[in-house]
Amino acid sequence: HHQESVRQAAQDLIVSKSEEIVGRFFFRMTRNPATVGLLSYVESESRLKRSMAAWLAMTFDHKTISADLEAFVQHQANIGQMQSRENVNFSLVNYAKLMLKRIVEDEIEESHSSDEALIMSRYATEMIDYAVDLVNGACRHEIIEMIHHQQPQIVIRRTANSLLN
């Protein structure tokens, strides 16, 4: 029961601070030459910030996920499919995931005692890993589907771009 209350505390904190977390994330991403390219394909930063805050809220909405895990998985898959069409680089996505986890851990550590913070951080980072792994899996699947549907020139170009970026 204690774990459930700690998980709820993590969810409440992350959802209530989602705008701050996203703001810190973008601040770091736009100041790193290696990651600024990840954001360049997006139409507007404010739109992406809203989408990311909504993604965080969804990722940490345990009740909704428990009620309809399939919808959660499908939503992550839709993001992965979009990323494959936009040619988003896997290594930059994984770097962004690591950065996001560190920011969330910092937020938790700033507001909770060390014992609670450790459990909350473990839960939070596992949820971020799970969601981003679903996104990446769908992105890879989409690339494989393109190969199967005789579109190798697109796949080769995208793969070369994502390796070079």
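Our subject is the structure listed above.
Everything quoted here is computed from the prediction, not taken from an experiment.

Calculation rules
- Residues numbered from 1 in each chain as written.
- Predicted model: local features only at pLDDT ≥ 70, side-chain atom pairs only at ≥ 80, totals over all residues.
- Heavy atoms only, no water.
- Helix = DSSP H or I, 4+ residues; strand = E, 2+ residues; numbered from the N terminus.
- Expected span 1.5 Å × (residues − 1).
- Buried < 20%, exposed > 50% of the residue type's maximum accessible area, 1.4 Å probe, protein only.
- Arc of directions from axis to C-beta.
- Axes fitted to C-alpha atoms, helices over the stretch in contact; angles between N-to-C directions.
- Parallel < 35°, antiparallel > 145°, perpendicular 65-115°, else oblique.
- Left-handed = near helix turned anticlockwise from the far one by under 90°.
- Contact = heavy atoms within 4.5 Å.
- Nonpolar A, V, L, I, M, F, W, Y, C, P; charged D, E, K, R; others polar.
- Salt bridge = Lys/Arg side-chain N within 4 Å of Asp/Glu carboxyl O.

Overview of helix H6 (residues 69–85)
Relative to the 24 Å expected for 17 residues at 1.5 Å per residue, H6 spans 25 Å between its end C-alpha atoms, a close match to the ideal helical length. The set of residues buried in H6 consists of Phe72, Gln76, Ala77, Ile79, Gly80, Gln83 and Ser84. Down the axis of H6, the buried set is contained in an arc of 155°. They therefore lie on one face. The positive-phi residue at the C-terminal boundary of H6 is asparagine 87, with phi of around 60°.

Quick look at the packing of helix H4 (residues 45–59) against H6
With their axes 11 Å apart at the nearest point, H4 and H6 run at an angle of 150° to one another. For the element pair H4 / H6, the angle class is roughly antiparallel. Here the hand of the crossing between H4 and H6 comes out left-handed. In this structure, H4 uses Trp55, Met58 and Thr59 to contact H6, whose residues at the interface are Ala71, Phe72, His75, Gln76 and Ile79. Among the residues forming the contact of H4 with H6, the class breakdown is 5 nonpolar, 3 polar and no charged.

Quick word on the pattern of salt bridges
Across all of its chains, the model carries 10 salt bridges by this definition. For the salt bridge of aspartate 106 with arginine 24, the shortest nitrogen-to-oxygen distance reads 3.7 Å. Of the two residues, aspartate 106 is situated in helix H7 (residues 90–111) and arginine 24 in helix H2 (residues 18–30); the sequence distance between them amounts to 82 residues. By relative accessible area, aspartate 106 is classed as partly exposed at 27%. The residue arginine 24 makes a salt bridge to glutamate 110 at a minimum N-O spacing of 3.8 Å. With arginine 24 in helix H2 and glutamate 110 in helix H7, this pair connects stretches of sequence that are 86 residues apart. The exposure class assigned to arginine 24 is partly exposed, which follows from its relative accessible area of 23%. For glutamate 110, a relative accessible area of 57% gives the class exposed.

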